[in-house]
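Examination of the molecular architecture
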Amino acid sequence: MQGKIIKGIAGFYYVYVVDSGVYECKAKGAFRKDKIKPLVGDDVEIDIISEEEKTGNVISIGPRKSELIRPAVANVDQALLIFATKNPEPNLNLLDRFLCMMEEQDVPVVICFNKDDLVDDDFQKQIRDTYERAGYKVIFTSAKNEEGIDKIREVLKGKTSTVAGPSGVGKSSIVNLLTEGHSMETGEVSAKIGRGKHTTRHSELLYLGDDTYIMDTPGFSSLFVPKCDPVELYSLFPEFIEPEQHCRFGGCVHYKEPGCGVKEAVEKGEIATSRYENYLQIYSEMVQQQNSKYR
């Protein structure tokens, strides 16, 4: 029987099979022997142990079209990154680090700023100028007033999207609005795996219909540092790529070098100062991390 892993907890994998429901499964020992770990989002084949108790075993994992390390999920088409406009104040450094993480894993990102009712149009314009210029789609929502949710549904349609963001930004409220009216998640799955109403502790795949899934993931706060060489960090900032071609020196790291195309773009307002400053901070951390390996 074919299904999709929608959640994994303590060695148990909950597999959704269309028209049949959710099965609680263990993975074959061969997976551990081959050091293969099933992931949320995996398409799998299961053997049924008990149809009455909805239990089974995962016996094979289908090919993965993508695999993320953080969060550890598979077969994702895009990421929906949710921050708040206020309460808590948006940490743009954390946002830029997450964008770097997704760029490094080649996953497109849609940015959502929730609690739009708490800010004015000037804030919206500043955010749009910063991130749409970098090539990202930006959506403003108010989960409290149920505004902007249809815009999110439109960008999610027909895709599997991982939903991520810091704690307290209204991520769960948005996910609950998106899943309203979808009986598979809100009823059967919640009863089977005990989905929390407010705090997400594990990655969880929710079916929205029409080949549309969202992966709700735990809130994040870690300061991610990319694994690439520091000199290649600029490539994780999409708006840096074209100006970098105008740098006078090869291997320019866009810091103190003269004739730097990226610095000139910042001075002209073509690259947001906040993005450039966050780039420098991440670059500095990467260099320190690299140097510590050789001490």
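Residues numbered from 1 in each chain as written. Predicted model: local features only at pLDDT ≥ 70, side-chain atom pairs only at ≥ 80, totals over all residues. Heavy atoms only, no water.

**Observations regarding the confidence of the model for the protein chain**
The predicted coordinates should not be examined in detail at positions where pLDDT is low. Rule in force here: Across the chain, each position has a pLDDT score giving the predictor's confidence in that residue, from 0 to 100. We call two residues contacting when some pair of their heavy atoms lies within 4.5 Å.
With 90% of its residues at a pLDDT of at least 70, the protein chain reaches an overall mean of 88. Contacts from residues 183–190, a stretch scored under 50 in pLDDT, to residues over four places away or in other chains number 18 contacts. Counting interchain partners and residues more than four positions distant, the pLDDT-below-50 stretch residues 193–200 has 20 contacts.

**Concerning the pairing of strand S5 (residues 55–61)**
Consecutive residues of a regular strand have side chains that alternate between opposite faces of the sheet. For clarity, the threshold we go by: When DSSP finds at least two bridges between two strands, those strands are taken to pair. Helix and strand definitions here come from DSSP, where helices need a minimum of 4 consecutive H or I residues and strands a minimum of 2 consecutive E residues; each element is numbered from the N-terminal end.
By the bridge criterion, four bridges tie strand S3 (residues 21–27) to S5 in an arrangement that is parallel. Across the sheet, Ala 27 pairs through a bridge with Val 58, a residue of S5. Once strand S4 (residues 43–50) ends, the chain turns through four residues before running back antiparallel as S5, passing Lys 54 with a positive phi of about 55°.

**Looking at the environment of Thr 85**
Rule in force here: We call a residue buried when its accessible area falls under 20% of the maximum for its residue type, exposed when it is over 50%, and partly exposed in between, using a 1.4 Å probe and counting protein chains only. Distance and chemistry together define a polar contact, namely a pair of N or O atoms within 3.5 Å, with one atom able to donate a hydrogen and the other to accept it when in protein, and with adjacent residues in sequence counting only for side-chain atoms on both sides.
Looking at the element boundaries, Thr 85 is found in the loop between strand S8 (78–84) and helix H2 (92–104). Assessed through its relative accessible area of 1%, Thr 85 is described here as buried. When the C-alpha atoms of Thr 85 and Phe 140 are compared, they prove to be 8.9 Å apart, with 55 residues separating the residues in sequence. Discounting chain neighbours no more than four positions away, the residues touching Thr 85 are Pro 90, Phe 113, Asn 114, Lys 115, Asp 116, Leu 118, Val 119, Phe 123 and Phe 140. Engagement of the side chain of Thr 85 in a polar contact is seen with the backbone oxygen of Lys 115, the distance being 2.6 Å.

**Remarks on H2**
What counts, and what does not: Take the number of residues in a helix, subtract one, and multiply by 1.5 Å to get its expected span.
Over its 13 residues, H2 extends 18 Å from the first C-alpha to the last, a length consistent with the 18 Å expected when each residue adds 1.5 Å. Burial analysis of H2 places ten of its 13 residues in the buried class, which makes it a mostly covered element. Check the buried side of H2 and you find it contacts strand S6 (67–68), S8, strand S9 (109–114), helix H3 (121–131), strand S11 (160–164) and helix H9 (273–292). For H2, the N-terminal capping position is held by Asn 91, with its side-chain oxygen 3.1 Å away from the main-chain nitrogen of Asn 93. Phi turns positive one or two residues past the end of H2, at Asp 106, with a value near 60°.

**Brief notes about the packing of aromatic side chains**
Counted only if it meets this: Working definition: rings of Phe, Tyr and Trp (its six-membered ring) pair if their centres are within 6.5 Å, and the pair is stacked with planes under 30 degrees apart, edge-to-face with planes over 60 apart, and tilted otherwise.
Enumeration over the complete set of coordinates arrives at ten aromatic pairs. Consider the rings of Phe 113 and Phe 123, whose centres lie 6.1 Å apart with planes at 75°: the pair is edge-to-face. Of the two residues, Phe 113 sits in strand S9 while Phe 123 sits in helix H3, which places them ten residues apart along the sequence. Taking relative accessible area as the criterion, Phe 113 reaches 0% and is therefore assigned buried. Their ring planes at 20° and their centres at 6.3 Å tell us that Tyr 276 and Tyr 279 sit as a pair that is stacked. Pair noted here: Tyr 276 and Tyr 279 are both in helix H9, with a separation of three residues, about one helical turn.

**A look at helix H5 (residues 171–179)**
Burial runs high along H5: seven of the nine residues are buried. For H5, the full list of buried residues reads Lys 171, Ser 172, Ile 174, Val 175, Leu 177, Leu 178 and Thr 179.

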